[in-house]
Amino acid sequence: MMRKKSISASKASLVLFLCQMISALEVPLDSKLLEELSQPPTITQQSPKDYIVDPRENIVIQCEAKGKPPPSFSWTRNGTHFDIDKDAQVTMKPNSGTLVINIMNGGKAEAYEGVYQCTARNERGAAISNNIVIRPSRSPLWTKEKLEPNQVREGDSLVLHCRPPVGLPPPIIFWMDNAFQRLPQSERVSQGLNGDLYFSNVQPEDTREDYICYARFNHTQTIQQKQPISVKVFSMDSLNDTIAANLSDTDIYGAKPVTERQPVLLTPTGSTSTKVELRGNVLLLECIAAGLPTPVIRWIKEGGELPANRTFFENFKKTLKIIDVSEADSGNYKCIARNILGSAHHVISVTVKAAPYWITAPRNLVLSPGEDGTLICRANGNPKPNISWLANGVPIAIAPEDPSRKVDGDTIIFSHVQERSSAVYQCNASNEYGYLLANAFVNVLAEPPRILTSANKLYQVISDSPALLDCAYFGSPKPEIEWFKGVKGSILRGNEYIFHDNGTLEIPVAQKDSTGTYTCVARNELGKIQNEVQLEVKDPTMIIKQPEYKVVQRYGQVSFECIIKHDSTLLPAVIWLKDNDELPDDERFLVGKDNLTIMNVTDRDDGTYTCIVNTTLDSVSASAVLTVVAAPPTPAIIYARPNPPFDLELTGQLERSVELSWIPGDENNSPITNFVIEYEDGLHEPGVWHYQTEVPGTQTTVQLKLSPYVNYSFRVIAVNEIGRSQPSEPSEQYLTKSANPDENPSNVQGIGSEPDNLVITWESLKGFQSNGPGLQYKVSWRQKDVDDEWTSVIVANVSKYIVSGTPTFVPYEIKVQALNDLGYAPEPSEVIGHSGEDLPMVAPGNVQVHVVNSTLAKVHWDPVPLKTVRGHLQGYKVYYWKVQSLSRRSRRHVEKKILTFRGNKTFGMLPGLEPYSSYKLNVRVVNGKGEGPASPDKVFKTPEGVPSSPSFLKITNPTLDSLTLEWGSPTHPNGVLTSYILKFQPINNTHELGPLVEIRIPANESSLILKNLNYSTRYKFYFNAQTSVGSGSQITEEAVTIMDEAMASRQVDIATQGWFIGLMCAVALLILILLIVCFIRRNKGGKYPVKEKEDAHADPEIQPMKEDDGTFGEYRSLESDAEDHKPLKKGSRTPSDRTVKKEDSDDSLVDYGEGVNGQFNEDGSFIGQYSGKKEKEPAEGNESSEAPSPVNAMNSFV
């Protein structure tokens, strides 16, 4: 019991000791001070812990540090010293610890894999970097595999596996088709986190042969492609129809329809699973279900709520995403898949672990000799991290002893430190999921006081406001600060002052008598220093007459006053606002020194007007409201444009100015808003008037600025809301004196037109800009960056000068100066131009070609030296052409293609290549003159692709049970043909397709005789070629086997049988009798007005004849099964398209005669159903069809 008490007492004493320790010095961030103070090294920049590098580029491992004196650097690799001097491929940057490993000149990135650590050291300690693990990125190719076509029944689930190659870092997966279009995804079809493509249920539209999984490796900017996957979905309708075509009417057939199913989870499997995620990462949970209808996914957290603002649902709610997870997110997450038939669920038990993270990272200590301090390193994690200390990169247990240092777990306690106690300490917090490493130095300094605030700094404040006087300081030990007023004043004390820890003196309420000189004194045991600052207290700014509320009639005038009083040493700025915004950009608003005047007030001017007065030290404002009311009614007024001004007078003539005055003309009931002043230059442009300026309508005089050597005349135009007046009469002329030019030519350029010249151009001055007679230009040039004198020449009033005999494409400094008979213009500014370009001298080197796929290649080259470009580098051109097809070995006309890559680009993509072909390319550099020499031709070959469709497919020699097929090889084989694929299926009378038969044919065949076919049957053929890569596009044809002659003869014999001929004669006799009866009835019809009878009954009395159910009722259209129960088409299956009701039979024979047109031949026999000829289109019909023969009618029963 006593032991426990003693332990508690010792802990209490330690806490008391820590609380009593003097806090460490804060070093101000003053650049001059930091340069003078000694300081241990500090790592300022380093590469990431897990550093994945591009194996094609140089490896740069960063390590930057600061310190005083500047630190030196060393490296370890895999825990041992890394001697960079012994490896010619490794260099260290000057004044830096950054390593550069040269891979591009023969090195291999794999040889430099390992764990690297940098040490920065000076006389006050050593800082170390993290362990930097170097690994080259990898983007391996897909392993070749034979992919079988997926044949699946409609409504079933399906998973297409991607299984991408293992890369570093892992690739990004996406699915596309042959046209490089992303495959559409939905609640039914989606991509899982593992890259597989999941179908909750397949539909007929999912049938396709180009499901392609792509893996994109971003680090190496490459994309790998899996072989296309074929999916064939068999729909129940097509399966039933296929069965029906092969069974008789009495057979029982039919596959089960698409069956709805309750959800079943495709991933994850089972009812439960576990997942571990690290704190701060993104938690991704996934559930994908099969079922029909497509299941809907819902997520819940058992025993809690999903975290708000951090939870997101992706992939049609199949993926639950929680960002920035913490230990509180651990628990059971349930996904529920539901449709109308039921539900399925899965529980994922999530455990959130944590790599170490800082609670208190150690901070640098700056101490004075004899002071105490602590370094605290506290971290948390799951599991709890282990804390270890190092001193100058060495474990503290074996580091040199320091009597002032004591380690207590996560704390190092320093007591009575000396200058030799300076060191850099490292705290390492680690667990199984990672580590943290922090450097913190202890810098023991003995420095006399320094004051960092500028001497005699002036502070200005407004009376009755606070004043803050700075005295930034540094010293070790920490100096004491005292303030005095005046040179011999006493120390400042009392409640009227506030003394801040950073040395600042605050006067809470400064008065006029606070003005004066203040002295700051800093002292410690090593010395004393003082500094003086000045304080001025100013009078506040006040508005002594504020704007007042105004009411004004529309089209009237109103003025707001704002008279101010301010300190005489401050310059005020007055700003007016309307409704807290800028005044409208309108000339009616006139801002004076102490007022704002609004002319011709309108309703839009209603609002609040604010006067704001700003000085460098304070700001005041005042506001007033303006209300606009309607003016009282007045008699109608005629408004017109103003009359022109008159009596123009010039006074106060000077060399560069003159005063113009005038008398306004009548304003014609619309106030003049402004006057426009124009001038004429009678010396250079007589008769042409130019805009000079304009003034408000209240002003009748103006001071005009003039140019030398111009013969001026002026005129004035008045403007009101109606329009502009006629111009006034011109004033008297005034010729100004000549003078030196005021300006130089603009747009000066230097561009060579030939390799040995420099063409200097400029925009000439206009006439009135010459300021005098004899305008010329002094053109000067000299080569840039060469110690040459200026070469000058004086030319006439032109705009171009050519310098000959220049070196090719070198920079020149150019200037063009104007001069006249009186002298030169001011010294012109210099511009940079270049002499003429010449064709580039060398070709790009090290041209490399990487074939991406059968139609795409990537070309690299080294840039040419800029000196050899001999001009402005515009880019590179790649010429490439097909030499020959590897499958045909035949040459053809060479068509070169050109791709241009702008700028200093050193690689590019070549699209649109033909598969299985040999290509050549070269690269040329391009400047403004043209192209340089071509690089040596580079030969590359594209791999095989899928072939084009066969050039033709002909079907000949039809027999009862065979057809002969002939075909031509593909126009573009795109590789070595391995075989042909022939698929065919029969087509029945309703245009439905029968079972599909597939035949593989050797590639060297060009014809085939198909035997054992059904007679009198139409077949559809699908034909395509194959290479080792896959199948090409197909060509289709249809053909029919001939009819069985025996069956045809039996059907024809029916028409020659006696019973059939007798039947036809009986029908013809009945029709003849019917005609005679109708003729008799017609003769009786003249006894009453037929027209009235017809008008009374009209068309409703004439109805279409019903179908003759007993004659050809079994005849079916060959269009589709969907039309089996539709009425037969009019004009093709009925003896007549109209008939007459019985009760109207005594009308007129005209009512029937036209209804049977085309249904009887000359002898009255009824032959419309048997003639086999096309019938005329009936009166109301909109279709025509061919009447079937008895043979065809009989054939429809087969």
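All of these numbers come straight from a predicted model, not from anything done at the bench.

K.L.:
Requested: an account of the environment of Ala 289, with residues and values cited.
P.N.:
When you line up the elements, Ala 289 lands in strand β23 (residues 288-292). Given a relative accessible area of 4%, Ala 289 falls into the buried group. On a C-alpha basis, the gap between Ala 289 and Asn 201 in space is 9.4 Å, while along the polypeptide they are 88 residues apart. Here Ala 289 is in contact with Ser 200, Val 264, Leu 265, Leu 266, Pro 295, Ile 297 and Ala 337, once residues within four sequence places are set aside.

K.L.:
Describe the packing of aromatic side chains, naming the residues involved and giving the relevant values.
P.N.:
Per the counting criterion, the structure on display carries 20 aromatic pairs. Between Trp 861 and Tyr 876, the ring centres sit 5.4 Å apart and the planes meet at 50°, which makes this aromatic pair tilted. Of this pair, Trp 861 sits in strand β73 (residues 856-862) while Tyr 876 sits in strand β74 (residues 875-885), and the two are 15 residues apart along the sequence. Tyr 876 shares its class with Trp 861; the two are buried. Taken together, the aromatic side chains of Phe 174, Phe 180 and Tyr 214 make up a single cluster linked through ring pairs. Its end group placed over the ring of Tyr 879, Arg 924 keeps NZ or CZ at 4.0 Å from the ring centre.

K.L.:
How would you summarise the sheet that holds strand β36 (residues 423-431) if you had to cite specific residues and measurements?
P.N.:
With mixed pairing, 5 strands are arranged side by side in an open sheet as β29-β37-β36-β32-β33. Two strands in the sheet have a free side with no partner beyond their single neighbour: β29 (365-367) and β33 (394-395). The pairing of strand β32 (residues 386-391) with β36 spans 6 bridges and is antiparallel. Within β36, the residue paired with Ala 391 across the bridge is Tyr 425.

K.L.:
If you had to explain unusual backbone geometry to someone new, which residues and values would you point to?
P.N.:
Here Asn 382 and Pro 383 are connected by a cis peptide whose omega angle stands at 5°. With respect to the element layout, Pro 383 can be found in the loop between β31 (378-382) and β32. The peptide bond linking Ser 476 to Pro 477 adopts the cis configuration, its omega dihedral lying at 5°. Of note, Pro 477 is situated in the loop between β41 (473-476) and β42 (480-485). Unusually for a residue other than glycine, Asn 771 sits at a positive phi of about 65°. Here Asn 771 lies in the loop between β65 (757-763) and β66 (776-783).

The rules behind the values
- Residues numbered from 1 in each chain as written.
- Predicted model: local features only at pLDDT ≥ 70, side-chain atom pairs only at ≥ 80, totals over all residues.
- Heavy atoms only, no water.
- Helix = DSSP H or I, 4+ residues; strand = E, 2+ residues; numbered from the N terminus.
- Buried < 20%, exposed > 50% of the residue type's maximum accessible area, 1.4 Å probe, protein only.
- Contact = heavy atoms within 4.5 Å.
- Phe/Tyr/Trp six-rings, centres within 6.5 Å; stacked < 30°, edge-to-face > 60°.
- Lys NZ or Arg CZ within 6 Å of the ring centre and 35° of its normal.
- Pairing = 2+ DSSP bridges.

Don't take any of this as a statement about function, it's just geometry.
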